[in-house]
Amino acid sequence: MSPAADAATRVARRSTRFVAWVRAWRAGLVPFDELADEIARDEEHLVADAPGTWTDVPLPQGLPAFAKVHPDDIRLVLPAPGDPRGLPGPGPLTGAAMLAGEAVMTPSFGVVPEVRRHVSGSGVEFETVLWRWFPVEDYRPVFQMGAAEAEGELTLALGEATAQLTKLDVAQWKPELAGALQALRRPESTATLPPGFDPRARRVFARASILDQVLALAETNAPGGAVNGYEAQQRDAALRPLLTACRQALVAACNSPLHA
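Here we summarise the structure given alongside this text. Treat the numbers as computed from the prediction; the structure is a model and nothing was measured.

**Observations concerning helix α2 (residues 14-26)**
With 13 residues, α2 extends 19 Å between its outermost C-alpha atoms, agreeing within 8% with the 18 Å of an ideal straight helix rising 1.5 Å per residue. With 12 of 13 residues buried, α2 lies mostly within the body of the structure. Among all positions in α2, only Arg14, Ser15, Thr16, Arg17, Phe18, Val19, Ala20, Trp21, Val22, Arg23, Ala24 and Trp25 are buried. Following α2 by one or two positions, Gly28 adopts a phi angle in the positive range, close to 80°.

Quick look at the structure:
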């Protein structure tokens, strides 16, 4: 598998797994003991400013703050520049969420991941993820589209973006992007949701998770400066509706109703 294709099989936004697994736990569908490992995978995750803590603590010690939150009140938010939907008004939480591009919201607090990069004494680079708690007052989520509508929007946006990128001959200056978009026609994603999510939500989540990584690849220019300013603008214009549709799909899938 090429590096580009491999990247497209990983979930970029950590809040998607956080929301999905914590909601499933609160619905009684998965045990608490599985949560931290499923959220963190192979990374080190810590929690800052959680109720009842005085310093940064391991993820399992911060998750009990969700113990009294109804699963339907745990919401994924994926804001973008110019689109803060789902966040409260101006303040530290909104600022952190806009910077991260993601957040987990409940009626009384929000949680935002912060990636910290380190270098060991031997020169090895590694990351830790810090989930920072922010209190909010009587947060109420905004209306969002359901998984069925989000799936339709994603399919439409993907078709239009692929057609535009073909006209731009993107394969000549960004072959990994062109190849990855074609692979979305037959996605084989390792991204999965926990028990309780219906088949449509699982399908939408798997496809949007791959696409999230493809779009991350699109943000970098081709080697050797093959992309000039005009080409970059055309590419970005073609991908912008797809970026929005992808975020909507991930949010709709992770926030969809749970079933026993």
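**So, the packing of α2 against helix α3 (residues 32-40)**
Here α2 crosses α3 at 175°, and the two axes come no closer than 10 Å. By the angle between their directions, the pair α2 and α3 is classed as roughly antiparallel. Facing α2, whose interface residues are Arg17, Phe18, Trp21, Val22 and Trp25, α3 presents Phe32, Glu34, Leu35, Glu38 and Ile39. Partitioned by chemical class, the residues of the contact of α2 with α3 number 7 nonpolar, no polar and 3 charged.

**Regarding the pattern of salt bridges**
A full pass over the atoms with the stated rule returns 14 salt bridges. The salt bridge involving Glu38 is made with Arg17; its shortest N-O contact spans 3.0 Å. Of this pair, Glu38 sits in helix α3 while Arg17 sits in helix α2, placing them 21 residues apart in sequence. Here Arg17 falls in the buried class, since its relative accessible area comes to 7%. A salt bridge links Glu114 to Arg132, with the shortest nitrogen-to-oxygen separation between them at 3.7 Å. In this pair, Glu114 sits in strand β5 (residues 109-119) while Arg132 sits in strand β6 (residues 125-135), placing the two residues 18 residues apart along the sequence. For Glu114, a relative accessible area of 33% gives the class partly exposed.

**What to know about the environment of Pro60**
One can find Pro60 in helix α4 (residues 59-62). For the pair Pro60 and Asp37, spaced 23 residues apart in the sequence, the C-alpha separation amounts to 8.9 Å. Setting aside chain neighbours within four positions, we find Pro60 in contact with Phe32 and Ala36.

**Some remarks on α3**
The set of residues buried in α3 consists of Leu35, Ala36, Ile39 and Ala40. The buried residues of α3 all sit within an arc of 90° when viewed along its axis, so they share a single face. More than 90 degrees from the buried face of α3, the exposed residues found are Asp33 and Asp37. For α3, the elements touching its buried residues are α2, β1 (44-48), α4 and β6. Looking at the residues trailing α3, positive phi occurs at Arg41, about 55°.

Calculation notes
- Each chain has its residues counted from 1, following the order in which its sequence is written.
- Two thresholds apply to this predicted model, a pLDDT of at least 70 for residue-level local features and 80 or more for giving and counting side-chain atom pairs, whereas whole-chain, interface and lining totals are computed over all residues.
- Note that water and hydrogens are dropped before the side-chain values are worked out from all heavy atoms of the structure.
- Strands are runs of DSSP state E lasting at least 2 residues, helices are runs of H or I lasting at least 4, and numbering of each runs from the N terminus.
- In a helix, the anticipated span is given by 1.5 Å times the number of residues less one.
- The cut-offs for exposure are 20% and 50% of the maximum accessible area for each residue type, with area from a 1.4 Å probe on protein chains only; residues under the lower value are buried, those over the upper are exposed, and the others partly exposed.
- Axes here refer to lines fitted to C-alpha atoms; in helices the fit is confined to the stretch in contact. Angles between the N-to-C directions go from 0 to 180 degrees.
- Each angle gets one of four labels, with under 35 degrees taken as roughly parallel, over 145 as roughly antiparallel, 65 to 115 as roughly perpendicular, and the rest as oblique.
- Residues are treated as being in contact if the distance between any of their heavy atoms lies within 4.5 Å.
- Asp, Glu, Lys and Arg are counted as charged, while Ala, Val, Leu, Ile, Met, Phe, Trp, Tyr, Cys and Pro are counted as nonpolar; the rest, among them Gly, fall into the polar class.
- Counted as salt bridges are all cases of a side-chain nitrogen of Lys or Arg within 4 Å of a carboxyl oxygen of Asp or Glu.
- It is the directions from the helix axis to the C-beta atoms whose arc is reported.

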